[in-house]
Amino acid sequence: MKFEDLDIKLIAIVFILSFFLLLVGQQVYKRYGIDKPLLEDIKQKSYIKNAEIEKFADGINIKVKLKKIESLKDCYKDLDKTVYKYLKNKPYEITIINDKGYLQSLYEDKIKFFLFEAQKTGEYVKMKDSLDQISKKYDLKIKIEIDTDMNLYLIMEKDNEAFYEILFSKEK
């Protein structure tokens, strides 16, 4: 059989079908070979209340809702390590989901300014004093953690409500 004997239409159809099957195979692998096991692994962690994966053209966003925890820094580092194990060098982001409520509005109206200012100026003692005053004034528990990269981890609790926020340093 010579090349001239092959039908160009048949070659084009085989090429298109092969390409389509490769794309479908890639999507199936991502969904059942990476995404599903990653989500199951995340949901098995004792500090996770709920988790979901949201895909974007330029990466993946893992949204998590946390149970009541003692250390946001430790939980985040553990979660980040787990996600990295599955996604390797693919771009991803981890987002903490909080309930809309009293602590959310208090953070937006009063607290986030102290945190941003401390990261810009390096005046963490001033931030701590301001947060202690807010804690007493509004009768709530505020805990701040700082890691070696100067990321801030905030935990606020009042009654049965909890609020978690992470502010990454600009160097990251």
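Read on for a plain summary of the structure. This structure is a prediction, so every number in the text was calculated from the model and none was measured.

1. Re the sheet that holds strand β5 (residues 152–158)
1) Next: Strands sit in the order β4-β5-β6 across an open sheet of three strands; the sheet is antiparallel. Where the open sheet ends on each side, the last strands, each with one partner, are β4 (141–146) and β6 (161–167). Each neighbouring strand pair of the sheet contributes to a mean axis angle of 10°, computed without reference to strand direction.
2) Next: Pairing of β5 with β6, which is carried by seven bridges, proceeds in the antiparallel orientation. Residue pairing across strands places M156 opposite F163, the latter belonging to β6.
3) Next: Seen against the sheet, helix α2 (residues 72–87) touches β4, β5 and β6 and runs at an angle of roughly 125° to β5.
4) Next: Running over the sheet, helix α3 (residues 102–121) touches β4, β5 and β6 and is turned about 30° from β6.

2. Considerations on the packing of aromatic side chains
1) Next: Counted under the stated rule, the structure contains three aromatic pairs.
2) Next: Each ring, one from Y107 and one from F163, has its centre 4.9 Å from the other, and the planes form 35°; the classification is tilted. Residue Y107 is located in helix α3, and its partner F163 is located in strand β6; the two are separated by 56 residues in the primary sequence.
3) Next: Judged by its relative accessible area of 1%, F163 is buried.

Rules and cut-offs
- Residues numbered from 1 in each chain as written.
- Predicted model: local features only at pLDDT ≥ 70, side-chain atom pairs only at ≥ 80, totals over all residues.
- Heavy atoms only, no water.
- Pairing = 2+ DSSP bridges.
- Helix = DSSP H or I, 4+ residues; strand = E, 2+ residues; numbered from the N terminus.
- Axes fitted to C-alpha atoms, helices over the stretch in contact; angles between N-to-C directions.
- Contact = heavy atoms within 4.5 Å.
- Phe/Tyr/Trp six-rings, centres within 6.5 Å; stacked < 30°, edge-to-face > 60°.
- Buried < 20%, exposed > 50% of the residue type's maximum accessible area, 1.4 Å probe, protein only.

Geometric descriptors of this kind do not, in isolation, establish any biological role.
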